[in-house]
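Single-letter residue listing:
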Amino acid sequence: MSSVMNIVPFTQPILPFTQPVYGEVHLPGSKSITNRALLLAALNSEITVLQNALFSEDTLIMVEALQKLGFSIQINLSEKTISIQGKGGRIPSSTGTINVGNAGTVARFLVALLSLKEGGEYRLDGSESMRKRPINPLLTALESIGAIEVHYHGEFGHFPFTLKTKGLKSGIVKIDASESGQFLSALLMVGPLVPGGFIVDVSGEIVSKPFITMTLAMINEFGGMLPQVEQRGYRYIFNGHNGYHFREKYYLIEPDATAASYFLVLPLVVGGQITLHGLSRGPMKQGDIDFSYIVEKIGLIVRKTQKFWFVERAKKPLMQVPETDFNDISDTFLTLTAIAPLLRTPTYIKGITHTRLQETDRPSAVATELKKLGQIIKQTSDAILIRPQLLQSGVIETYKDHRMAMSFGILGCFDLFENGKSWMSIHNPHCCSKTFPNFFDVLDKLRMRSVK
């Protein structure tokens, strides 16, 4: 297991910006794309080199898991590359003990991958938080068609458990994707390797649909046969074994669009302008890039080129936003929620039911922490309303959730007392290692370079 998971928690004061931000940020690679690419490269039959790969807790857990399963992987930190020798759908090791930490993509994708193996036996466990996160819909779906046999070592439907794998064969698998779209993505990625006809029937509302679009795009890029899509995206039909045939060798990973959201709102919080390298004017795989349209409504000017985005706060920003549905871009809802105290009118955010089952119950967590800062909050199961009040000093608990730490880290950049002194501290800021290990270093460098 990666050593970043064993760092002792501490509390870090956030120093506010005393001047508007002026600087540039080179965003890390996307975690969602990196972990999908790692799996697809392992399923390919050739050597694939992932460029601009993210090296974070979640991606290193995926690398370690694949290595334990017998895949040959070389990493180059300085060049940000990962090289994987694919096995054409074969899993070299028939046994293994794997800890998925708190990495949802690893947990869900790995279960589907292992179901391809005939005669395998694997023990899987996760962090304390992962033991509470949903995995049962995927296990039940694969067990119902005879691909796996599950033996639980604790609570039914949760980690830890042992999988006895029998091989994923043709048939119809029914999956409820209302708790996590990763269940569906996991099945779609192994679909091109299933011999005979293979149908994925989806029940329940699919959350985070852009991630499904991302998965399908990457299946196509790696040379897998795309399924026929019926019933408006609720039935996926694979017509037979095709495998993956990615012949390009190099695969470039997009910058993390969710990470971009924090720096998109920074000029709204402190004023100024910032250049985000790696973002493109053209279409991107990550739906979270649409968060830019929300901040434009609030008062950010976004100029897009093929190599970077230049963003700056408008001279007279509106500093309010209409009711917003975050169902498709839910990883960014905390970014807006955390800065809501600085907006001029109440902020109403909906479409976030499924985020209660992520690293923590995110709506409840952010509500608790905003109340510490003097805000008035109302919640329903699917929405949160923030009525801005005068901010108060406080220590923010992150609940080991990287997005809580980064979102409140941006709010802490606001110079509340206009004296440059810290008014907010973040407990366990190192939880950012999950997706953006040097986030607070990047923030500090921007602050120091912005001082006149």
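So, how was this worked out
Residues numbered from 1 in each chain as written. Predicted model: local features only at pLDDT ≥ 70, side-chain atom pairs only at ≥ 80, totals over all residues. Heavy atoms only, no water. Helix = DSSP H or I, 4+ residues; strand = E, 2+ residues; numbered from the N terminus. Rg over C-alpha atoms; globule rule 2.2 N^0.38 Å. Buried < 20%, exposed > 50% of the residue type's maximum accessible area, 1.4 Å probe, protein only. Contact = heavy atoms within 4.5 Å. Areas by Shrake-Rupley, 256 points an atom, 1.4 Å probe, with all protein chains shown as cover. Lys, Arg positive; Asp, Glu negative; His and termini not counted. Charge placed at Lys NZ, Arg CZ, Asp CG, Glu CD. Pairing = 2+ DSSP bridges. Axes fitted to C-alpha atoms, helices over the stretch in contact; angles between N-to-C directions. Arc of directions from axis to C-beta. Salt bridge = Lys/Arg side-chain N within 4 Å of Asp/Glu carboxyl O. Parallel < 35°, antiparallel > 145°, perpendicular 65-115°, else oblique. Left-handed = near helix turned anticlockwise from the far one by under 90°. Nonpolar A, V, L, I, M, F, W, Y, C, P; charged D, E, K, R; others polar. Polar contact = N/O pair within 3.5 Å; in protein donor to acceptor, adjacent residues only side chain to side chain. Phe/Tyr/Trp six-rings, centres within 6.5 Å; stacked < 30°, edge-to-face > 60°.

Peer 1: Which residues make up the overall build of the protein chain, and what values go with them?
Peer 2: The number of helices and strands found in the protein chain is twelve helices and 23 strands. Taken over C-alpha atoms, the radius of gyration comes to 22 Å for the protein chain, in line with the 22 Å a tight globule of 452 residues would show. Looking at the protein chain residue by residue over its 452 residues, the buried ones come to 60%. The contacts in the protein chain between residues at least 6 apart in sequence include a share of 76% that link residues at least 24 apart. Summing over all exposed atoms, the protein chain offers an accessible surface of approximately 17,300 Å²; the carbon and sulfur share of this is 50%. Averaged over its 46 positive side-chain charges, the protein chain has a centre that lies 3 Å from the centre of its 40 negative ones.

Peer 1: Break down the sheet that holds strand β5 (residues 81-85) for me, with residues and values.
Peer 2: The strand order across the open sheet built from four strands is β4-β5-β3-β14, with neighbouring strands paired in mixed fashion. The outermost strands of the open sheet, each flanked by one partner alone, are β4 (73-76) and β14 (250-252). Strand-to-strand twist of the sheet, defined as the mean angle between neighbouring strand axes without regard to direction, takes the value 20°. Two strands pair when backbone bridges link them, and strand β3 (residues 47-51) and β14 are joined in this way by three bridges, in the parallel orientation. Residue pairing in the sheet places L50 in a bridge with Y251 of β14.

Peer 1: Help me get a handle on helix α8 (residues 291-298), residues and values and all.
Peer 2: Regarding α8, the residues found buried are F291, S292, I294, V295 and I298. Each buried residue of α8 lies within a common arc of 155° when the element is viewed along its axis, so the set occupies one face. Tucked inside the fold, the buried residues of α8 contact α7 (257-270), β16 (300-304), β17 (308-313), β18 (324-325) and α9 (333-339). Backbone geometry just downstream of α8 places G299 in the positive-phi region, at approximately 145°.

Peer 1: Describe in detail the pattern of salt bridges, supporting the description with residues and values.
Peer 2: This model, assessed by the stated rule, comprises 19 salt bridges. Close ionic contact of D201 with K174 constitutes a salt bridge, the shortest N to O distance being 3.5 Å. With D201 in strand β11 (residues 198-203) and K174 in strand β10 (residues 171-176), this residue pair connects regions lying 27 residues apart in the sequence. Taking relative accessible area as the criterion, K174 reaches 58% and is therefore assigned exposed.

Peer 1: Run through the sheet that holds strand β22 (residues 394-397), naming residues and quoting values.
Peer 2: Spatial ordering of the open sheet is given by β1-β23-β22, a layout of three strands whose pairing is mixed. Edge strands, defined here as strands with exactly one partner in the open sheet, are β1 (11-14) and β22. Ignoring strand direction, the axes of neighbouring strands in this sheet form an average angle of 25°. With four bridges connecting them, β22 and strand β23 (residues 424-427) associate as parallel partners. When the bridges of β23 are listed, G394 appears paired with M424. Along the sheet, helix α11 (residues 402-411) contacts β1, β22 and β23; its crossing angle with β23, the most-contacted strand, is approximately 170°.

Peer 1: Report on the packing of α7 against α11, specifying residues and quantitative values.
Peer 2: Where α7 contacts α11, the two axes come as close as 9 Å, and the packing angle between them is 15°. As summarised for this structure, α7 and α11 are arranged roughly parallel, according to the angle between their axes. Here α7 runs over α11; the crossing is right-handed. Mapping the contact onto sequence places T258, Y262, V265, L266 and V269 in α7 and R403, M406, S407, I410 and L411 in α11. Here the contact of α7 with α11 is built from residues that sort into seven nonpolar, two polar and one charged.

Peer 1: Lay out the pairing of strand β15 (residues 272-277) with the relevant residues and their values.
Peer 2: By the bridge criterion, six bridges tie strand β2 (residues 21-26) to β15 in an arrangement that is parallel. Along β15, the bridge assignment pairs E24 with T275. Bridge count for β15 against β17 is five bridges, and the pairing is antiparallel. Bridge pairing in β17 places Q273 opposite E312.

Peer 1: Run through unusual backbone geometry, naming residues and quoting values.
Peer 2: In this model, F159 is joined to P160 through a cis peptide bond whose omega is 0°. Relative to the helices and strands, P160 is located in the loop between β8 (148-152) and β9 (161-166). Here K249, not a glycine, exhibits a phi torsion of approximately 75°, which is positive. Relative accessible area serves as the criterion here: at 40%, K249 is assigned to the partly exposed category. At E418, a position not held by glycine, the phi torsion is positive, near 55°. With respect to the helices and strands, E418 occurs in the loop between α11 and β23.

Peer 1: Residue-level account of the environment of Q379, with values.
Peer 2: Looking at the element boundaries, Q379 is found in strand β20 (residues 376-379). A sequence separation of 112 residues divides Q379 from P267, and the C-alpha atoms of the two residues are 28 Å apart. Excluding residues that lie within four positions of it along the chain, Q379 makes contacts with R356, P363, S364, A367 and I384. Here R356 takes part through its side chain, which lies 2.9 Å from a polar atom of the side chain of Q379.

Peer 1: Residue-level account of the packing of aromatic side chains, with values.
Peer 2: All told, the structure shown has twelve aromatic pairs when counted by the stated rule. Each residue in the set Y262, F263, F436, F439 and F440 is aromatic and connected to the rest through ring pairs, giving one cluster.

Peer 1: Which residues make up the packing of helix α1 (residues 31-43) against helix α3 (residues 104-114), and what values do they have?
Peer 2: Across the interface, α1 lies against α3 with an axial gap of 11 Å and an inter-helix angle of 20°. Classed by the angle they form, the pair α1 and α3 counts as roughly parallel. The interaxial crossing formed by α1 with α3 has right-handed handedness. For the pair formed by α1 and α3, the contact residues are K31, N35, R36, L39 and L43 on the first element and T105, V106, F109 and L113 on the second. Within the contact of α1 with α3, the residues separate by chemical class into five nonpolar, two polar and two charged.

Peer 1: Please provide a residue-by-residue account of the side chain of T355, values included.
Peer 2: On the secondary structure map, T355 appears in the loop between β19 (347-350) and α10 (362-372). A distance of 2.6 Å separates the side chain of T355 from the backbone oxygen of I352, its partner in a polar contact. Sequence-distant contacts of T355, that is, excluding residues within four places in its chain, are made with S330, F333, T360, D361, R362 and P363.

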